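A structural walkthrough
Read off the chains here:
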Amino acid sequence: MARSQGRKLERKKLMGDPILVMGILLIMAFLLLFIVYPLWTVTAQSFSQSETETLNEVKAAGEWFVHAAETLPEAAAGHFRTLGVSTGEFHRLYNRYRRNNAEDVVRARAALKEALLRVDGGAVETFAAALKLPPEEIRSRVETVREAEVTLGRPAFSMDAYVTLFRRGSFQKTVHNTILLGFITGLIATLIGFVFAYVDMYTKTAFSPMFRVISVLPIVSPPFVLSLSAIMLFGRRGLITRQLLGIMDANINGLHGIVLVQVLTFFPVCYLMLKGLLLNIEPSLEESARDMGASRWKVFTTVTLPLLLPGIGNAFLVTFIEAVADFANPQMIGGDFRTLAEMIYNEYALQGDPRVPAAMSVFMLLMTIVLFTMEKYWLERKSVATLSGKASRVRQPITDRSVVIPLVTFCMLVSVFVISMYALIPLGALFQQWGRRFTLVTTHFRKVFDRGLQPFWDSMLLSLIAAFITAFMSMIIAYLVVKRRFPGRSVMEFVTMFAMAVPGTVLGIALLRGYITGIFNSGTMVLAGTGSILVIAFVVRSLPVGTRSGVAALRQIDKSIEESAYDMGADSGKVFTSVTLPLIKDSFISGLVTTFARSITATSAVIFLISPAWRLITPQIMTVVDRGEYSEACAWATMLMAIVYCAIALMNLLLSVFGTSRRQERAERKVWA
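**Quick word on the packing of helix α22 (residues 454-483) against helix α28 (residues 585-600)**
Helix-helix packing is characterised by the crossing angle of the two axes and by the distance between the axes. Across the interface, α22 lies against α28 with an axial gap of 8 Å and an inter-helix angle of 140 degrees. In this view, α22 runs oblique relative to α28, as classed from their interaxial angle. Here α22 and α28 pass one another in a crossing that is right-handed. In this structure, α22 uses S459, M460, S463, L464, A466, A467, F468, T470, A471, F472 and M475 to contact α28, whose residues at the interface are S587, F588, G591, L592, T595, F596, S599 and I600. Residues of the contact of α22 with α28, tallied by class, amount to twelve nonpolar, seven polar and no charged.

Listed below in structure tokens is the structure:
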């Protein structure tokens, strides 16, 4: 009874706060418009009936009209206008249908419908007389296009795209390749990440600062930087394979090359996840086993490892999802080893049946949904139930040299190798021609400036806009999820976190299909080719990360602090901006910079959304790599990493000056002084 009354009071308080209601409606509208609707659109397209036969009829009719106009250009021009459409317009419409692009078909469909509605019997007779043809022939052509318009506008369910897809031997092989790549990458990256976390938390080593550098590098660099380094070191003109070892036919392309770069890219994520779990293990559990005579190996296998198994499984699944969804590394270094993300991009670039890449996207989305569900609703709950709270006292570091020396040596070698690969990027930009002329020059940086700085300005502007939107929106969502009860709260949280499971390739195609002709093909909100759709893609990709950070920060704030502000007459907007947000500004600033770094280095989603009006850095780098100009690509990547490093340095400066924790530390020092 008391619980029911509490819920009624909560709903009454909610409805009496228009600012809060408006915030909830705006957030839900954003999630529905830019996450749910695009994914529904691409899913619906994958189950739609093929329009190829109808389009062929329209192409034939359009080709006949164009031929008629070219046969009698002077007479036809005027009579096409009598029909309500110019000769040039028929040319454009026909060319759109001939290319068979879904977006062009929809545009041409609307224009043809408008023109054909203006055709009457008298116009057909006049036009037929001018062309010296029977009116019935022209009338049949017009009816063909009219009937095609009706057919194209009528949705129909079909599994043809999936039947075609699964009959392809290449698709089945690609799926096998993708799963194999995800499994191998996840297994090795999780193992290396665990070793790093164990060494950092259980031993006393001077290499901890190096480990922190390793954990930051994947954030500040594009996902394909290590692929570029691997090509420069181990490729046909590689520094190690050709220059040092004299191997003339070295081939880094393939499964082994992708696994190498993905493991080095993703193991720092596993390291950070497992480091937090190791920190929360109560030291007394392990020490009790040691006091009972168990060896260190016995303690590890019977106490530490069982407590960590859910967390290790979590890290493995997260890495598996990242490896499966990765597009840039397989595209750059995969060679003949094709993955699903790469196949979707190539199928879309071929401009064939648009349902096929849509069906591939849905299949890939289902794979990541299954993994996301396992990670979210099974392993995370087991992790919370298994691990204890924060350690009550300091853990005694392991001093046994037989344990410390091998582990620390392994981590040191991996760290040096990773840092060397990243350091190779700015170094490679200074060589005249990688693999042939190692003269130090600045030519490649001048080439970057000569090509124009539009990709840098566009990338920084769009990433900065997305960063502020994401940081603010994620804090609002976290506030609503943690501090408020309202209908649809669980849906808001699920959709926000679900965006994490959507691969970048799928998100890019979904946004393009959803907004190429406006929402529901209405011509409203035509966002394709604009900067807005790029900002939306950046926000959707980073929103789950910012929301998680905000939720963690808000759960540490006592509810009574905000209730006091409400009791003094403040509305929800005032409480959020003057009480809640200042208390979580560390998470806000961190989310701001993290979103900026993720956005400016994004590749998978934006590869489908770029246009001549908005040029970004990462597609530009991939274009330069495709031309084999590795030194120039290094110059682009070096400038990009410099921008992100400057952003992180600025974040640290802001946190040192305005951060809540730093101010608390200064206050505590004054008290103790």
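Still more to cover.
**Structural notes on helix α25 (residues 531-554)**
The end-to-end C-alpha distance of α25 is 32 Å, a good match for the 34 Å that 24 residues give at a rise of 1.5 Å each. Where α25 bends most, the angle comes to about 40 degrees, and this point is S542, followed within four residues by the proline P544. Burial analysis of α25 places 18 of its 24 residues in the buried class, the great majority of the element.

**What about the environment of F372?**
Locating F372 in the fold gives a position in helix α19 (residues 355-386). Residues F372 and M500 lie 128 residues apart in sequence; the distance between their C-alpha atoms is 8.2 Å. Apart from residues no more than four positions distant in its own chain, F372 is found in contact with I321, F494, M497, F498 and A501.

**Quick word on the pattern of salt bridges**
Inspection of every chain in the model, using the stated rule, returns six salt bridges. Notably, a salt bridge pairs R168 with E347, separated by 3.2 Å at the nearest N-O pair. Taken together, the positions of R168 in the loop between α9 (160-167) and α10 (169-202) and E347 in helix α18 (residues 340-349) put the pair 179 residues apart, joining distant regions of the chain. Using a relative accessible area of 25% as the deciding quantity, one classes R168 as partly exposed. Classification of E347 as buried rests on a relative accessible area of 14%.

**So, unusual backbone geometry**
One non-glycine residue, M525, lies in the positive phi region at around 60 degrees. Its place among the elements puts M525 in the loop between α24 (504-515) and α25.

**Let's talk about the nonpolar core**
If you look at the biggest cluster of nonpolar residues, it comprises 182 residues, and the most contacted ones within it are F267 and I621. Looking at which domains feed residues into this core, each of domain 1 (4-42 + 454-612) and domain 3 (171-437) gives three or more. When sequence neighbours within four positions are dropped, the list of residues in contact with F267 reads A189, I192, G193, F196, I214, V414 and V418.

**Points about the confidence of the model for the chain**
Predicted confidence across the chain gives a mean pLDDT of 77, with 74% of residues reaching 70 or more. The weakest mean pLDDT in the chain belongs to helix α31 (residues 660-672) at 43; the strongest belongs to α10 at 91. In the predicted structure, residues 97-106 sits below a pLDDT of 50 and forms 28 contacts with residues beyond four places in sequence or in another chain. In this model, residues 384-391 is a region of pLDDT below 50 whose contacts with residues beyond four sequence positions or in other chains number 16 contacts.

**Section: the side chain of D458**
Mapped onto the elements of the fold, D458 is located in helix α22. Looking at D458, its side chain comes within polar contact range of the main-chain nitrogen of R615, at 3.1 Å. Excluding anything up to four places from it in sequence, D458 contacts A613, W614, R615 and L616.

**Here we look at α9**
All of the buried residues in α9 are A161, Y162 and L165. Taken end-on, α9 shows its buried residues confined to a sector of 95 degrees, consistent with a single buried face.

**Regarding a nonpolar patch on the surface**
A grouping of F157, M159 and V163 is seen on the molecular surface, where their side chains present a nonpolar patch of about 300 Å² in accessible area. Position of F157 among the secondary structure elements: in the loop between α8 (135-152) and α9. Residue F157 is classed as exposed on the basis of its relative accessible area of 63%.

Definitions and cut-offs
- Residues numbered from 1 in each chain as written.
- Predicted model: local features only at pLDDT ≥ 70, side-chain atom pairs only at ≥ 80, totals over all residues.
- Heavy atoms only, no water.
- Axes fitted to C-alpha atoms, helices over the stretch in contact; angles between N-to-C directions.
- Helix = DSSP H or I, 4+ residues; strand = E, 2+ residues; numbered from the N terminus.
- Parallel < 35°, antiparallel > 145°, perpendicular 65-115°, else oblique.
- Left-handed = near helix turned anticlockwise from the far one by under 90°.
- Contact = heavy atoms within 4.5 Å.
- Nonpolar A, V, L, I, M, F, W, Y, C, P; charged D, E, K, R; others polar.
- Expected span 1.5 Å × (residues − 1).
- Bend = angle between axes of the 7 residues up to and from the residue.
- Buried < 20%, exposed > 50% of the residue type's maximum accessible area, 1.4 Å probe, protein only.
- Salt bridge = Lys/Arg side-chain N within 4 Å of Asp/Glu carboxyl O.
- Core = buried A, V, L, I, M, F, W, Y, C linked by side-chain atoms within 4.5 Å.
- Domains from an automatic or database assignment.
- pLDDT = per-residue confidence, 0-100.
- Polar contact = N/O pair within 3.5 Å; in protein donor to acceptor, adjacent residues only side chain to side chain.
- Arc of directions from axis to C-beta.
- Patch = residues over 30% accessible without salt bridge, like charges linked within 9 Å, V, L, I, M, F, W, Y side chains within 5 Å.
- Areas by Shrake-Rupley, 256 points an atom, 1.4 Å probe, with all protein chains shown as cover.

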